[in-house]
Amino acid sequence: MSLLDDVSIVVTPNGYKAGELYAVIPSDGTADMDVTRATDATRVDENGLIEDVLSNVPRIDYTGGGCPHILAEPQRTNIVFPSDVAVTQTRTVTAVAYALSFYGTGSIVLSGTHSATLTGTGVNDRVDLIFTPTAGSLVLTASGTVTNFQLEVGSYATSYIPTLGSTVTRNQDIFTRDGIGSLINSTEGTFFLEPAYLSSNTNYDVQSSIVLSDGSANNRVILYTSSSASANVYSVLIKSGGSTVIQKEITVTDITLFNKIAITWKANEYKIFLNGSPEYSTIIPTATPIGLNSLFFAAYNSTVNPFYGKVKQLQVYTTALSDVQLAALTS
């Protein structure tokens, strides 16, 4: 039997339009994801070039080369301007984490409230520096080839935000799809994901989550990472009627790289496979989730603990796949 016989939802970096990311399966638009981002943004295209993307248009990004991915990022503000000219700038900063980044072969020297030097490695290479200054005036002095200059509050760098005469804010990407209960089997199923997070989970202020849910926190199958866990740890949580069925932490080598993970559920049996191998299996008398009808890049609805990262593929199956199938799917 082919895996496609039981797959009900397949979402990949495929077709899109403003406000919508098309699902490959089903092809009738039932599972197309609604996309919201109230501002323009940028992506890296298939030629490795930075491209402007209009508001509410999903970003199919090719950063790192190879196959594309869906990009979801938090709201960030670039506080250097203009960002396309290497000039000395002075900015008032507070004692929080900042991410400095640019493309090129030049360098940026920090002085004032923090001392450091960030040196470029190539014309088309982006380098970044995470630092926490003391509050006050920070001086940034650029020399050589420095392009797409960015300074943002945050413990990891995000995609380039162009600026001219003032700071510019890029809003958060939001991905949602509700009303799809006919495509999710709450009593038995498989949730497969291939994500890469933007940073080690110790750098996230809140959970970063992808979920199948009933629109509440009471019934859900969720993959998330959180600052409460150690670095490079996935957390899997399944809830039924408000009660926790399983909660399992899985350590990986690097959570910022793409990993393939599958979660299955059916009466008295739950499994987790990671990159071709079983990570968890239990046979216990427990209930399954009730009324799953939504898919969110968030913890259980469109706004709580949103996912920040990259997704190469996402699939939902109406059966709990066998070990052989799970190994093949996640390899």
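Structural data are supplied above this passage.
In this text the structure is predicted, and so the values were computed from the model without any measurement.

**Details of the sheet that holds strand β15 (residues 136–143)**
So, point 1. If you walk across this open sheet you meet the four strands as β10-β15-β12-β13, and the pairing is antiparallel. Edge positions in the sheet fall to β10 (89–93) and β13 (116–119), since each of these pairs with one other strand and no more. Shown here is a sheet whose adjacent strand axes are inclined to one another by a mean of 20 degrees, direction ignored.
So, point 2. As paired strands, strand β12 (residues 107–112) and β15 are joined by six bridges and run antiparallel to one another.

**Description of the nonpolar core**
So, point 1. Core analysis: the largest hydrophobic core is formed by 43 residues, its most contacted members being Phe191, Ile210, Phe297 and Leu314.
So, point 2. In contact with Leu314, other than residues within four places in its own chain, are Ile9, Val10, Val11, Phe191, Phe192, Leu193, Ile210, Leu295 and Phe297.
So, point 3. Grouped together as the second largest cluster of nonpolar side chains are 17 residues, Val93, Phe102, Ile108 and Phe149 included.

**Description of the pattern of salt bridges**
Side chains that differ in charge, positive against negative, can pair when their charged atoms come close.
So, point 1. Applying the stated criterion across every chain, the model contains twelve salt bridges.
So, point 2. One salt bridge connects Asp173 with Arg37, and the closest N-O pair in it is separated by 2.9 Å. Residue Asp173 is found in the loop between β17 (168–170) and β18 (174–177), and its partner Arg37 is found in the loop between β4 (33–36) and β5 (41–44); the two are separated by 136 residues along the sequence.
So, point 3. The exposure class of Asp173 is buried, given its relative accessible area of 3%.
So, point 4. Of the charged contacts in the structure, one is a salt bridge between Arg59 and Glu73, with a shortest N-O distance of 3.0 Å.

**Section: the environment of Tyr197**
So, point 1. Within the secondary structure, Tyr197 sits in strand β19 (residues 188–197).
So, point 2. Exposure remark for Tyr197: the relative accessible area of 1% places this residue in the buried category.
So, point 3. For the pair Tyr197 and Asp254, spaced 57 residues apart in sequence, the C-alpha to C-alpha distance is 9.2 Å.
So, point 4. Within the local environment of Tyr197, its side chain forms a polar contact with the backbone oxygen of Ser208, the two atoms lying 3.4 Å apart.

**As for the sheet that holds strand β27 (residues 294–296)**
So, point 1. Strand order across the open sheet formed by nine strands is β2-β3-β4-β18-β27-β20-β21-β22-β23, with antiparallel pairing between neighbours. If you trace the sheet from one side to the other, it starts and ends with β2 (16–17) and β23 (243–251), each paired once.
So, point 2. By the bridge criterion, five bridges tie strand β21 (residues 220–225) to strand β22 (residues 233–240) in an arrangement that is antiparallel. Bridged to Leu223 within β22 is Val236.

Criteria and cut-off values
Each chain carries its own residue numbering, running from 1 in the written order of its sequence. In view of the model being predicted, local features appear only for residues whose pLDDT reaches at least 70, and side-chain atom pairs are presented and counted only at 80 or more, with totals across whole chains, interfaces and linings using the full set of residues. The side-chain figures draw on all heavy atoms in the structure; neither hydrogens nor water molecules are used. At least two bridges found by DSSP between two strands is the condition for calling them paired. Only DSSP runs of H or I with at least four residues qualify as helices, and only runs of E with at least two residues qualify as strands; both kinds are numbered from the N terminus onward. Helix axes are fitted only over the stretch in contact, all axes being lines through C-alpha atoms; the angle between N-to-C directions runs from 0 to 180 degrees. As used here, the term nonpolar core means buried Ala, Val, Leu, Ile, Met, Phe, Trp, Tyr and Cys residues forming a set that is joined through side-chain atoms within 4.5 Å. Relative accessibility thresholds used throughout: buried, under 20% of the residue-type maximum; exposed, over 50%; partly exposed, between the two (1.4 Å probe, protein chains only). Contact criterion: two residues are considered in contact whenever any of their non-hydrogen atoms come within 4.5 Å of each other. A pair is scored as a salt bridge if a Lys or Arg side-chain nitrogen falls within 4 Å of a carboxyl oxygen belonging to Asp or Glu. For the purposes of these results, a polar contact is taken to be a pair of N or O atoms within 3.5 Å, where, inside protein, one atom must be able to donate a hydrogen and its partner to accept one; residues adjacent in sequence count only when each atom of the pair is a side-chain atom.

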